[in-house]
Amino acid sequence: MSGQLQSVLHPAGPDAAIISQFAWVMFGAGTLILIGVMVMLYLGVKRAPREIRPLRWIAGAGIIFPLVVLSALLAWSTWRSAQLTPQSSKASLVISVTAKMWWWEVRYHDPLTGREIISANEIRIPAGRDVYVALTASDVIHSLWVPALAGKRDMVPGRMTGLTLRADKPGLYRGQCAEYCGTQHARMALHVVAETPAAFEAWLARERQPAAAPTDAFLERGRQAFIGQRCAACHTIRGVDGGSRLGPDLTHVGSRLHIAAGTLRNHRGTLAGWIADPQSIKPGARMPPANDIDGETLRALAAYLEHLK
Ligand code: CUA
């Protein structure tokens, strides 16, 4: 899978391309104006003193020139921004994202079962299609920004906003919370995984399944640890516990690329480290340390979570 870029200058979708073009045109126009002013300043200083006509300069360079140039830029940018994708929930796919301190809950409406598929910190989308992402927050104001795909949009508690994401081709696009929201604002990242429509459908079909059952005694020990070690007080593994949504849903956590909101790559080792001591990785995060767990149980728990693909 290509790309991990989080750059306005490397657009990978139509809206991001328009925004990138804004940046370049404004930068180019600003540069030309700066060069013009510098040249005139140079001529003014260098040239022998001669009579100038102040009224002509004030009218020409002070009024007419800025009026023409700024009006042209305003007209162009108004026309161009009207071509941004309309924010409409009529898109072929609607995904709901709720920002929390400091992670993202991602919910897909499953057309087959009518139920919701709940995930975290990763938005899967089919490439080449408009995806409407309905946004809200549950505690403070956050902001979703995936620079390669779209502009940013604030996520406000008690209010629904939305954004259209469209990736031209499959790839991995990093996003980041763009509104200061507390201690771990910087480690509130997410990834958009754009896949071919067929791969997306296959992924959705896997997510629709209940959590993978343990296939041996070691994994079963991990499953028991999940229930016994207070994990189930905040997290859900569908079919294993009562369904708390305080923390990320872990039904298919093994299929995600990262944990802790884009902070760590997801594998057995990082899972174990995160469970044992989340506060040294993300101080202030809501997850308490499991400092009373023994090594073997921790290994089993991490292996079980990794197994949940
Ligand atoms: Cu959430 Cu900054």
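Residues numbered from 1 in each chain as written. Predicted model: local features only at pLDDT ≥ 70, side-chain atom pairs only at ≥ 80, totals over all residues.

### Some words on the domain arrangement of the chain
And step 1. Here the chain is partitioned into domain 1 (14-81), domain 2 (93-197) and domain 3 (217-307).
And step 2. Domain 1 and domain 2 are separated by 38 Å when their C-alpha centres are compared.
And step 3. On the domain 2 side, the residues contacting the 4 residues of domain 1 number 7 residues.
And step 4. Within the side of domain 1 that touches domain 2, the residues separate by chemical class into 3 nonpolar, no polar and 1 charged. (Domains from an automatic or database assignment. Contact = placed C-beta atoms within 7 Å. Nonpolar A, V, L, I, M, F, W, Y, C, P; charged D, E, K, R; others polar.)

### Remarks on the UniProt feature "domain: Cytochrome c" (unreviewed entry) in the chain
And step 1. Residues given the UniProt feature "domain: Cytochrome c" (unreviewed entry) here are residues 217-309.
And step 2. In the segment residues 217-309, helix accounts for 41% and strand for 4%; the C-alpha atoms at its two ends are 18 Å apart. (UniProt positions renumbered as here; feature names shortened; annotations may be inferred. Helix = DSSP H or I, 4+ residues; strand = E, 2+ residues; numbered from the N terminus.)

### Concerning the packing of helix 4 (residues 217-228) against helix 7 (residues 295-307)
And step 1. Two numbers describe how helix 4 lies on helix 7: the axes approach to 7 Å, and their chain directions differ by 95°. Taken together, the axes of helix 4 and helix 7 are roughly perpendicular relative to one another. Of the residues in helix 7, those touching helix 4 at Phe218, Leu219, Arg221, Gly222, Arg223, Ala225 and Phe226 are Thr297, Ala300, Leu301, Ala303, Tyr304 and His307.
And step 2. By residue class, the composition of the contact of helix 4 with helix 7 is 8 nonpolar, 3 polar and 2 charged. (Axes fitted to C-alpha atoms, helices over the stretch in contact; angles between N-to-C directions. Parallel < 35°, antiparallel > 145°, perpendicular 65-115°, else oblique.)

### Remarks on helix 1 (residues 14-46)
And step 1. With 33 residues, helix 1 should reach 48 Å at 1.5 Å per residue; the first-to-last C-alpha distance of 48 Å fits that figure.
And step 2. Among the 33 residues that make up helix 1, 3 are buried, leaving the element largely open to the surroundings.
And step 3. Looking only at helix 1, the buried set comprises Asp15, Ala16 and Ile19.
And step 4. Considering only its buried residues, helix 1 is in contact with strand 8 (161-165). (Expected span 1.5 Å × (residues − 1). Buried ≥ 20, exposed ≤ 12 C-beta atoms within 10 Å, placed from the backbone.)

### Brief notes about the environment of Glu201
And step 1. Its place among the elements puts Glu201 in helix 3 (residues 197-208).
And step 2. Taking the C-beta count within 10 Å as the criterion, Glu201 has 12 such neighbours and is therefore assigned exposed.
And step 3. Considering only alpha carbons, one finds Glu201 and Ala260, 59 residues apart in sequence, at a separation of 26 Å.

### What to know about the environment of Thr236
And step 1. Looking at the element boundaries, Thr236 is found in the loop between helix 4 and strand 11 (258-259).
And step 2. Aside from chain neighbours lying at most four places away, what touches Thr236 is Asp241, Gly243, Ser244, Arg245, Asp249, Leu250 and Thr251.

### Points about the sheet that holds strand 1 (residues 93-100)
Adjacent strands of a sheet form backbone hydrogen bonds with each other and so pair up, either parallel or antiparallel.
And step 1. Reading across the sheet, the 5 strands line up as 3-2-1-5-8 and stay open at both edges, with mixed pairing between neighbours. A strand with exactly one partner marks an edge of an open sheet, and here the two such strands are strand 3 (116-120) and strand 8. Across the sheet, the mean angle from the axis of one strand to that of its neighbour is 25°, orientation sign disregarded.
And step 2. Bridging between strand 2 (residues 103-109) and strand 3 involves 5 bridges; their strand directions are antiparallel. In the strand pairing of strand 3, Arg107 is matched with Ile118. (Pairing = 2+ DSSP bridges.)

### Overview of the pairing of strand 9 (residues 171-177)
The side chains of a regular strand alternate, residue by residue, between the two faces of the sheet.
And step 1. Both strand 6 (residues 142-145) and strand 9 contribute to a ladder of 2 bridges, which runs antiparallel. Paired with Leu144 across the bridge in strand 9 is Cys177.
And step 2. As paired strands, strand 9 and strand 10 (residues 189-195) are joined by 6 bridges and run antiparallel to one another. Pairing of Tyr173 across the sheet is with Val192, part of strand 10.

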